[in-house]
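Structure at a glance
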Amino acid sequence: QVQLVESGGGLVQAGGSLRLSCAASGRTFSSYAMGWFRQAPGKEREFVAAISWSGGSTYYGDFVAGRFTIFRDNTKNTDYLQMNRLNPEDTAVYYCAAGHSFGSSSDGANEYDYWGQGTQVTVSS
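Rules used in this analysis
Residues numbered from 1 in each chain as written. Predicted model: local features only at pLDDT ≥ 70, side-chain atom pairs only at ≥ 80, totals over all residues. Heavy atoms only, no water. Salt bridge = Lys/Arg side-chain N within 4 Å of Asp/Glu carboxyl O. Helix = DSSP H or I, 4+ residues; strand = E, 2+ residues; numbered from the N terminus. Buried < 20%, exposed > 50% of the residue type's maximum accessible area, 1.4 Å probe, protein only. Contact = heavy atoms within 4.5 Å. Pairing = 2+ DSSP bridges. Axes fitted to C-alpha atoms, helices over the stretch in contact; angles between N-to-C directions. Phe/Tyr/Trp six-rings, centres within 6.5 Å; stacked < 30°, edge-to-face > 60°.

**Some points on the pattern of salt bridges**
When charged atoms on two side chains of opposite charge get close, those side chains can pair. Per the counting criterion, the structure on display carries 3 salt bridges. Close ionic contact of D90 with R38 constitutes a salt bridge, the shortest N to O distance being 2.8 Å. Taken together, the residues D90 in the loop between β8 (78-83) and β9 (92-99) and R38 in strand β4 (residues 33-39) connect sequence positions 52 residues apart. Judged by relative accessible area, which is 7%, R38 ranks as buried. With its nearest N and O atoms 2.6 Å apart, the salt bridge here joins D90 to R67. With D90 in the loop between β8 and β9 and R67 in the loop between β6 (58-60) and β7 (68-73), this pair connects stretches of sequence that are 23 residues apart. The exposure class of R67 is buried, given its relative accessible area of 8%.

Rendered as structure tokens:
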């Protein structure tokens, strides 16, 4: 069992930056690939980014376009999503997730076994 807790969300102006964190419980964090998804009101959950167990490989949703970076620190049982050049379309609840697989299917929510409660990101224009 893994428990995930996101933090770092908030209100930011367009063009600004935020860093989200996802803290995981347990001693097996490095055995999980991690992902970030987001969901805006009235929209489906959308894949943002994923990172492999060691952090050596990453995968991003097409809309990211070089603005976001996912990384992890296995010594701290935490992964991060650095978001730059935010725009109002990035407004959503952001969720982190943990799963055992990593690859081309990492953009699918059903690849993940554990989810956090979400953190709100609001970008004002």
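And the narrative resumes.
**Regarding the environment of C22**
Note that C22 resides in strand β3 (residues 18-24). In this structure C22 touches L4, V5, E6, M34, W36, N77, T78, D79 and C96, once residues within four positions along its chain are discounted.

**Let's talk about the sheet that holds β8**
Sheet architecture is open: 4 strands sit in the order β1-β3-β8-β7, paired in antiparallel fashion. Lying at the two open borders of the sheet, with one neighbouring strand each, are β1 (4-7) and β7. Strand-to-strand twist of the sheet, defined as the mean angle between neighbouring strand axes without regard to direction, takes the value 15 degrees. As paired elements, β1 and β3 share 4 bridges and run antiparallel to each other. Following the sheet pairing, L4 is matched in β3 by A24.

**Here we look at the side chain of D90**
For D90, a relative accessible area of 1% puts it in the buried group. Look past the residues within four positions of D90 in its chain and what remains in contact with it is R38, F63, R67, F68, R85, V121 and V123.

**Considerations on the packing of aromatic side chains**
Under the criterion given, the structure shown has 9 aromatic pairs. Taken together, a centroid distance of 5.4 Å and an interplanar angle of 80 degrees make the contact between F37 and Y112 edge-to-face. Of this pair, F37 sits in strand β4 while Y112 sits in the loop between β9 and β10 (114-115); the two residues are 75 residues apart in sequence, bridging distant segments of the chain. Consider the rings of F63 and F68, whose centres lie 6.2 Å apart with planes at 85 degrees: the pair is edge-to-face.

On their own, these measurements won't tell you what the molecule is for.
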